[in-house]
Amino acid sequence: ISEELRRAQEEWEAVEEIQSGLWGTLTSYAPPISFNEALQYFQTADLSECRKKIRATVRRQGLAALVRFLFGPPRLQPQLQGERDLALAMAQCGLDDNERVHMRILQTIYKKLTRSRLGCPRYGAHWEELGFQGVDPGTDLRGTGMLGLMQLLYFVMDAQTLPLAHEIFKLSQHETQAFVFLQNFPFCIMSVNITRIVIQALREECLSRECNRRQQVIAVLNDLYAAAFLQLYRLWKWQHKTIADSGFLLKELEFSAKKKPKQLLKSLEAYVNRGPAADGLQRPSPAPSEEIDFTGVCDPQVELEGEARLI
């Protein structure tokens, strides 16, 4: 790059910084925030109003309660219930423009996904490009609150999952005309839906055994989130799914998260240990008669709680 071109680039970037600053709600100069720093903020923040709204577990009555008692998963150990309640309280906490940490989380997600050194205005069409439904990401966090952003922050700030996040984001922006159907989808809305599934699995105590084994709750939730996103990526990319298939795929992810969380977590472990190429992010070459299928058996007749759809 010539010296003249380099100076021109620097001048243009400086102009962009100044223009961005005129919005008043921009935190371009705020340093990126790590997941642990953000978590420490929530651990000390006053979430009393949010805690009043949480329902820690799904209440069952009659035969369902008896079956759960006799054959269901173990209950979460008492020493882990505080961490569980913190996660559920974050899910009840809305995005607050006046909280600097909230804004740093939002800006960090934007910069990591777009690989930009610049910040962005608090409101604008750039959020739609990331896969939110409108110009304000806060309106899309229904049912997940700040936990939805925290899981996305974990996804892009962990060195082991950042390449996966970039691959999924790239697929969500798919505009290649070589295929009959485009494979693009709203990345951040899909992320929110996966967090919703993780929350439901936690409340139904489907993750208690794994949490008890690891003596962690939030780390298990984050790993399950990443594992579910990895599962979605594989299905979407290699089975050529489109937005019309999203409802069914979310239903299948919900089934896996509740009934086969250990299997999902093992797939993420294999990805982390062996890397994208070895773990199937590059398309395998099966025999011509074989059908590519990265999922376990999912009984379509299983009735799941709630409605799985893009919100």
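Residues numbered from 1 in each chain as written. Predicted model: local features only at pLDDT ≥ 70, side-chain atom pairs only at ≥ 80, totals over all residues. Heavy atoms only, no water.

The protein is annotated in an unreviewed UniProt entry as ELMD3 protein of Dromas ardeola.

A. Looking closely at the overall build of the protein. In terms of regular secondary structure, the protein is built from 14 helices and zero strands. Traced from its N-terminal end to its C-terminal end, the protein shows the element sequence α-α-α-α-α-α-α-α-α-α-α-α-α-α. Across the 311 residues of the protein, 50% fall into the buried class. The long-range fraction of contacts in the protein, counting pairs at least 24 apart against all pairs at least 6 apart in sequence, stands at 74%. Per element, the accessible surface of the protein, about 16300 Å² overall, is 52% carbon and sulfur. (Helix = DSSP H or I, 4+ residues; strand = E, 2+ residues; numbered from the N terminus. Buried < 20%, exposed > 50% of the residue type's maximum accessible area, 1.4 Å probe, protein only. Contact = heavy atoms within 4.5 Å. Areas by Shrake-Rupley, 256 points an atom, 1.4 Å probe, with all protein chains shown as cover.)

B. Focus on the nonpolar core. Formed by 84 residues in total, the largest nonpolar core has its most connected members in F42, I105, L149, M150, F155 and F229. For this core, the leading source of residues is helix α12 (residues 218–238), giving 14 residues. With near-sequence residues (within four places) excluded, F42 lies in contact with L47, L86, M90, C93, H102, I105, M146 and M150. (Core = buried A, V, L, I, M, F, W, Y, C linked by side-chain atoms within 4.5 Å.)

C. View of the pattern of salt bridges. The final tally for this structure, using the stated rule, is 11 salt bridges. Notably, a salt bridge pairs R75 with E205, separated by 3.3 Å at the nearest N-O pair. In this pair, R75 is assigned in the loop between α4 (62–71) and α5 (81–91) and E205 in the loop between α10 (187–203) and α11 (208–214), connecting sequence segments 130 residues apart. The exposure class of E205 is buried, given its relative accessible area of 6%. Residue E204 pairs with K258 through a salt bridge whose shortest N-O separation is 3.0 Å. You can see E204 sitting in the loop between α10 and α11 and its partner K258 sitting in helix α13 (residues 246–259), a full 54 residues away along the chain. (Salt bridge = Lys/Arg side-chain N within 4 Å of Asp/Glu carboxyl O.)

D. The arrangement of the packing of aromatic side chains in detail. All chains considered together, the criterion is met by 10 aromatic pairs. On the basis of an interplanar angle of 85° and a centroid distance of 5.4 Å, the ring pair of F155 and Y225 is categorised as edge-to-face. Of the two residues, F155 is situated in helix α8 (residues 145–157) and Y225 in helix α12; the sequence distance between them amounts to 70 residues. Side by side, F155 and Y225 carry an identical accessibility label, which is buried. Note on F169 and F187: the rings are 5.5 Å apart at their centroids and 80° apart in plane angle, and the pair reads as edge-to-face. (Phe/Tyr/Trp six-rings, centres within 6.5 Å; stacked < 30°, edge-to-face > 60°.)

E. Examining helix α9 (residues 162–172) more closely. Burial analysis of α9 places eight of its 11 residues in the buried class, the great majority of the element. The set of residues buried in α9 consists of L162, L164, A165, H166, I168, F169, L171 and S172.

F. Fine view of the environment of F229. Topologically, F229 is positioned in helix α12. Here F229 falls in the buried class, since its relative accessible area comes to 0%. The spatial distance from the C-alpha of F229 to the C-alpha of A165 is 8.6 Å, given a sequence separation of 64 residues.

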